[in-house]
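Commentary on secondary and tertiary structure
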Amino acid sequence: MEPGFEFDLAVVGSGGAAMAAAITARQAGRTVLVIERGTIGGTCVNIGCVPSKALLAAAGTRQAALTNPFPRGPHPRPGR
């Protein structure tokens, strides 16, 4: 970054609201600086909401396979 460079918006953090603000400002033609101390995306994307939903989807798929009523359908256990 060059000394004296100016931004129209500085966003601290990169969670959902921060990214929405940054994207909206860019779409309006503004210059944006995003400041993040950790992994981009925040708690929801990296730890909370998204990983939890992926785990729930995987568990649901396994349960559907375990309770499959069709004799030649997919089964997670061989010989069934």
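Note that the structure is a prediction, hence the values are computed from the model and not measured.

Let us now look at the packing of aromatic side chains. One pass over the structure, following the stated rule, counts 1 aromatic pair. Centroid distance Phe5 to Phe7: 5.0 Å. Interplanar angle 65 degrees. Geometry classified as edge-to-face. Judged by its relative accessible area of 48%, Phe5 is partly exposed.

Looking now at the nonpolar core. Listed in full, the 5 residues of the largest apolar core are Val11, Ala18, Ala22, Ala25 and Val32. No other element matches the 3 residues that helix 1 (residues 16-27) contributes to this core. In this structure, Ala25 is in contact with Leu9, Arg30 and Val32, ignoring residues within four places of it in sequence.

Within the secondary structure, Ser14 sits in the loop between strand 1 (9-12) and helix 1. In this structure the side chain of Ser14 is engaged in a polar contact, spanning 2.7 Å, whose partner is the side chain of Glu36. A distance of 2.9 Å separates a polar atom in the side chain of Ser14 from the backbone nitrogen of Gly41. If near-sequence neighbours (up to four positions away) are discounted, Ser14 is found in contact with Met19, Val34, Glu36, Thr39, Ile40, Gly41 and Gly42.

Moving on to the pairing of strand 1. In this sheet, strand 2 (residues 32-35) lies alongside strand 1 in parallel orientation, the contact comprising 4 bridges. The partner of Ala10 across the bridge, within strand 2, is Leu33. Crossover handedness for the path strand 1 to helix 1 to strand 2: right-handed.

Right, let's talk about the confidence of the model for the protein for a bit. Summing up the model confidence of the protein, the mean pLDDT is 85 and the portion of residues at 70 or higher is 88%. Across the protein, strand 1 holds the top mean pLDDT of 96, while helix 2 (residues 42-46) sits lowest at 79.

The topology assignment puts Asn68 in the segment after helix 3 (49-66). Under the relative-accessibility criterion, Asn68 is labelled buried at 14%. There is a polar contact of 3.1 Å between the side chain of Asn68 and the backbone nitrogen of Phe70.

This part covers helix 1. Under the 1.5 Å per step criterion, the end-to-end length of helix 1 is 16 Å for 12 residues, consistent within 8% with the ideal 16 Å. Along helix 1, the residues that are buried comprise Ala18, Ala22 and Ala25. The arc enclosing the buried residues of helix 1, seen along the axis, measures out at 65 degrees, which places them on a common side. Facing away from the buried side of helix 1 by over 90 degrees, the exposed positions are Gly16, Ala17, Thr24 and Gln27.

Rules used throughout
- Residues numbered from 1 in each chain as written.
- Predicted model: local features only at pLDDT ≥ 70, side-chain atom pairs only at ≥ 80, totals over all residues.
- Heavy atoms only, no water.
- Phe/Tyr/Trp six-rings, centres within 6.5 Å; stacked < 30°, edge-to-face > 60°.
- Buried < 20%, exposed > 50% of the residue type's maximum accessible area, 1.4 Å probe, protein only.
- Core = buried A, V, L, I, M, F, W, Y, C linked by side-chain atoms within 4.5 Å.
- Helix = DSSP H or I, 4+ residues; strand = E, 2+ residues; numbered from the N terminus.
- Contact = heavy atoms within 4.5 Å.
- Polar contact = N/O pair within 3.5 Å; in protein donor to acceptor, adjacent residues only side chain to side chain.
- Pairing = 2+ DSSP bridges.
- Right-handed = clockwise from strand over helix to strand, strands pointing away.
- pLDDT = per-residue confidence, 0-100.
- Expected span 1.5 Å × (residues − 1).
- Arc of directions from axis to C-beta.

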